[in-house]
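# Topology and contacts: notes
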Amino acid sequence: AVRHAVRARDWDLVGEMVTTVAAMRAVTAERHAFAALLAEIPVTALSSTAELRACSVVKRFIARDYAGMAQDVAQARVMLGEREPAARQPTELLIELGDMALARVQGDMPAVIATARGLLDRLPRTGAGVLPAAAQYEAPALSNLGLALLWSARAGEAEPCLLAAESASRDAGVELPLLNTL
């Protein structure tokens, strides 16, 4: 469906679809094909809405361009600032996943733990009508939380998170969090 929206050059629809249903393709075996699809979004469009800026976050995550990703996270957050809370939620959660990935790359385990716990707290309160992919977001949050706890010498707390992450990753069909967890 994202491909059809890209082909139709319906950039608002692309942004909405990525932030609500498709972003987790970035942590599957199809991530490079997904990045190629996102690369078709014109640079001018990427800076037009928070959702499209979040598309750039996903694209840069796949490319491991963490400096550019950090800039996109910050810009998307500013763009969301004026919206009602309910309208911000899908993009905000995706941005928080970006925050978590950036904290992990920087080796900031307390930030990974805090962000992952925040996501896991918010996801059950996010209805499927607002964020159809909410269940998929659980896998990377649990995986990163478990690993950050493990790296923080808190193995007893890490084990249940890692076991839950393994199950959530398999259920959601997201391979990278699964590999990260094993």
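Everything numeric here is computed off the predicted structure, so don't read it as measured data.

Reading the values: the criteria
Residues numbered from 1 in each chain as written. Predicted model: local features only at pLDDT ≥ 70, side-chain atom pairs only at ≥ 80, totals over all residues. Heavy atoms only, no water. 1 Å grid on protein atoms, 1.4 Å probe; cavity = no way out; pocket = protein on both sides within 12 Å on 5 of 7 lines; lining within 4 Å. Points joined across faces, edges and corners; volume = space filled by probe spheres on them. Helix = DSSP H or I, 4+ residues; strand = E, 2+ residues; numbered from the N terminus. Nonpolar A, V, L, I, M, F, W, Y, C, P; charged D, E, K, R; others polar. Axes fitted to C-alpha atoms, helices over the stretch in contact; angles between N-to-C directions. Parallel < 35°, antiparallel > 145°, perpendicular 65-115°, else oblique. Left-handed = near helix turned anticlockwise from the far one by under 90°. Contact = heavy atoms within 4.5 Å. Buried < 20%, exposed > 50% of the residue type's maximum accessible area, 1.4 Å probe, protein only. Core = buried A, V, L, I, M, F, W, Y, C linked by side-chain atoms within 4.5 Å.

## Details of the layout of surface pockets
Estimated volume of the largest pocket: approximately 590 Å³. In terms of lining, the largest pocket is formed by 26 residues, of which the most central are Val27, Phe61, Tyr66, Ala101 and Leu176. Among the secondary structure elements, those contributing two or more residues to the lining of the largest pocket are helix H3 (31-38), helix H5 (50-63), helix H6 (66-80), helix H7 (85-105), helix H9 (134-151) and helix H11 (175-181). Among the elements that take part in the lining of the largest pocket, H7 stands out by supplying seven residues, more than any other. A class-by-class count of the residues in the lining of the largest pocket yields 19 nonpolar, four polar and three charged.

## Details of the packing of H9 against helix H10 (residues 155-172)
The N-to-C vectors of H9 and H10 enclose an angle of 155°; their axes lie 7 Å apart at closest approach. Taken together, the axis directions place H9 and H10 in an arrangement best described as roughly antiparallel. Here the hand of the crossing between H9 and H10 comes out left-handed. Here Gln136, Glu138, Ala139, Leu142, Ser143, Leu145, Gly146, Leu147, Leu149 and Leu150 of H9 lie close against H10, whose contacting residues are Ala155, Glu157, Ala158, Cys161, Leu162, Ala164, Ala165, Ala168, Ser169 and Ala172. Residue composition of the contact of H9 with H10, grouped by class: 14 nonpolar, four polar and two charged.

## Thoughts on the environment of glutamate 166
Relative to the helices and strands, glutamate 166 is located in helix H10. Since its relative accessible area comes to 23%, glutamate 166 is described here as partly exposed. Placed 15 residues apart in sequence, glutamate 166 and threonine 181 show a C-alpha to C-alpha distance of 6.2 Å. If we skip the residues at most four places from it in the chain, glutamate 166 touches Leu178, Thr181 and Leu182.

## Here we look at the nonpolar core
Judged by nonpolar contacts, the single largest core of 52 residues is most densely connected at Val2, Val14, Val18, Ile41, Val58 and Tyr137. A per-element tally of this core places H9 first, with nine residues. The residues touching valine 18, leaving out its near neighbours within four places in the chain, are Val2, Ala23, Phe34, Leu38, Cys55, Val58 and Leu94. Core analysis: the next-biggest nonpolar cluster, separate from the first, contains nine residues, Ala50, Met69, Ile95 and Ala101 among them.

## With respect to the packing of helix H2 (residues 11-22) against H5
One way to put it is that H2 packs onto H5 with a least axis distance of 8 Å and a crossing angle of 60°. Considering their axes alone, H2 and H5 lie oblique with respect to each other. Classified by chirality, the crossing of H5 by H2 is left-handed. Facing H2, whose interface residues are Trp11, Asp12, Val14, Gly15, Glu16, Val18 and Thr19, H5 presents Glu51, Leu52, Ala54, Cys55 and Val58. In terms of residue class, the contact of H2 with H5 is made up of seven nonpolar, two polar and three charged.

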